[in-house]
Amino acid sequence: MALSNASKHQKKVAKRERFEKQQEDIRVFKEVLLMQDVLKRMSTKDVQDQFVRGANKSLELSAKDLRNFDELFKLVSLERGMKEGDASFKEQLSMASEHLISLIEGKNKEVLGTTYKYMKELLLKINEFGCFDCLCEIQDREKYNFSDKFVTETNEETQLEIEVTTTENNQVSNNSCSHTIK
């Protein structure tokens, strides 16, 4: 009987440990995907211009920060079509993984004239600002038809509403997006 209870307890502990490990893995993957998404979005000229100008009261970033984002995006991105002198795909996988791990862990290790810790904090701050939640998600202008745009002003806030009609794979869907700019 005591052996059976000990066995059950061990199974419960092992199950809890597997669950906790899985939750930690999910957290890490979410963070990797988030960092890649923000870096990708920050690589577009329109978005960079918004942050340099501080448009819509967004965070104002330096040209150096934007160059660092571009360079970091290149370091964590993979390219199969190799040119002469480029690292092999396996080498790219290894190097990109090392950069992503250092970024996710927020290491105080130097990269691109700054640290992974600084880059992570800045990327998280940009994501938390929320500019990508609505308007910046619409990047491929050819797939979208903007039907109506409404701007209403109330109490020093601007409410921007956009209705987007999407045509993809011969299916039409309407999406609305509302974003308050203070």
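Each chain carries its own residue numbering, running from 1 in the written order of its sequence. The predicted origin of the model limits local features to residues at a pLDDT of at least 70 and limits the giving and counting of side-chain atom pairs to 80 or more, whereas totals for whole chains, interfaces and linings rest on all residues. Side-chain measures here rest on the full set of heavy atoms in the structure, leaving out hydrogens and waters.

**Some points on the pattern of salt bridges**
Salt bridges are counted wherever a side-chain nitrogen of Lys or Arg sits within 4 Å of a carboxyl oxygen of Asp or Glu. Under the counting rule described, the total for this entry stands at eight salt bridges. The partner of Lys120 in a salt bridge is Glu31, and the shortest N-O contact between them spans 2.9 Å. Of the two residues, Lys120 is situated in helix α5 (residues 116-129) and Glu31 in helix α1 (residues 2-42); the sequence distance between them amounts to 89 residues. Buried, partly exposed and exposed residues are distinguished by accessible area as a fraction of the type maximum, computed with a 1.4 Å probe on protein chains only: under 20%, between the cut-offs, and over 50%, respectively. Residue class for Lys120 comes out buried when judged on its relative accessible area of 16%. Judged by relative accessible area, Glu31 falls into the buried class, the value being 13%. Here Asp37 ties to Arg41 by a salt bridge, and the two come within 3.0 Å at their closest N and O atoms. With Asp37 and Arg41 both in helix α1, this residue pair falls four residues apart, about one helical turn. Taking relative accessible area as the criterion, Asp37 reaches 30% and is therefore assigned partly exposed. One continuous salt-bridge network, built from bridges that share partners, spans Glu24, Arg27, Glu31 and Lys120. The secondary structure listing takes helices from DSSP runs of H or I that are at least 4 residues long and strands from runs of E that are at least 2 residues long, numbered from the N terminus.

**Comments concerning the nonpolar core**
Core analysis: the largest hydrophobic core is formed by 22 residues, its most contacted members being Met42, Leu61, Phe69 and Ile126. Looking at this core, the elements with two or more residues in it are α1, α2 (45-53), α3 (63-76), α4 (89-105) and α5. Apart from residues lying up to four places away in sequence, Leu61 is in contact with Met42, Phe51, Val52, Leu66, Phe69, Leu122 and Ile126. Only buried Ala, Val, Leu, Ile, Met, Phe, Trp, Tyr and Cys residues count toward a nonpolar core, and they belong to the same one when joined by side-chain atoms within 4.5 Å. In what follows, residue pairs with any heavy atoms lying within 4.5 Å of each other are defined as contacts.

**A word on the layout of surface pockets**
Cavities and pockets were defined on a 1 Å grid built over protein atoms only: a cavity is a set of grid points that admits a 1.4 Å probe from which the probe cannot escape, a pocket is an open set flanked by protein on both sides within 12 Å along at least five of seven lines, and lining residues are those with an atom within 4 Å of any such point. Grid points are joined across faces, edges and corners, and a volume is the space filled by probe spheres set on the points. Roughly 270 Å³ of volume is contained in the second largest pocket. Forming the boundary of the second largest pocket are Lys74, Leu75, Ser77, Leu78, Glu79, Lys83, Asp86, Ala87, Gln92, Met95, Ala96 and His99. Residue assignment for the lining of the second largest pocket shows that the elements contributing at least two residues are α3 and α4. For the lining of the second largest pocket, the element with the highest residue contribution is α4, accounting for four residues.

**What to know about the side chain of Lys120**
Under the rule applied, a polar contact is a pair of N or O atoms within 3.5 Å (in protein, one hydrogen donor and one hydrogen acceptor; residues adjacent in sequence only if both atoms are side-chain atoms). A distance of 2.6 Å separates the side chain of Lys120 from the backbone oxygen of Ile104, its partner in a polar contact. Aside from chain neighbours lying at most four places away, what touches Lys120 is Glu31, Met35, Leu103, Ile104 and Gly106.

**A closer look at the environment of Leu124**
Residue position: Leu124 is located in helix α5. When near neighbours in sequence (up to four residues on either side) are disregarded, Leu124 contacts Leu34 and Met35.

**Describing the confidence of the model for the protein chain**
Each residue gets a pLDDT score, which is the predictor's confidence in that residue and runs from 0 to 100. On average, residues of the protein chain score 76 in pLDDT, and 68% of them reach the 70 mark or higher. Confidence drops under pLDDT 50 across residues 135-182; counting only partners more than four residues distant or on other chains, this segment forms 84 contacts.

**Brief notes about α2**
Burial in α2 covers these residues: Val47, Gln48 and Phe51. The buried residues of α2 all sit within an arc of 100° when viewed along its axis, so they share a single face. Those residues of α2 that are exposed and aimed more than 90 degrees away from the buried face are Lys45, Asp46 and Arg53. Looking one or two residues beyond α2, the residue adopting positive phi is Gly54, at roughly 70°. The arc in question is traced by the directions running from the helix axis to the C-beta atoms.

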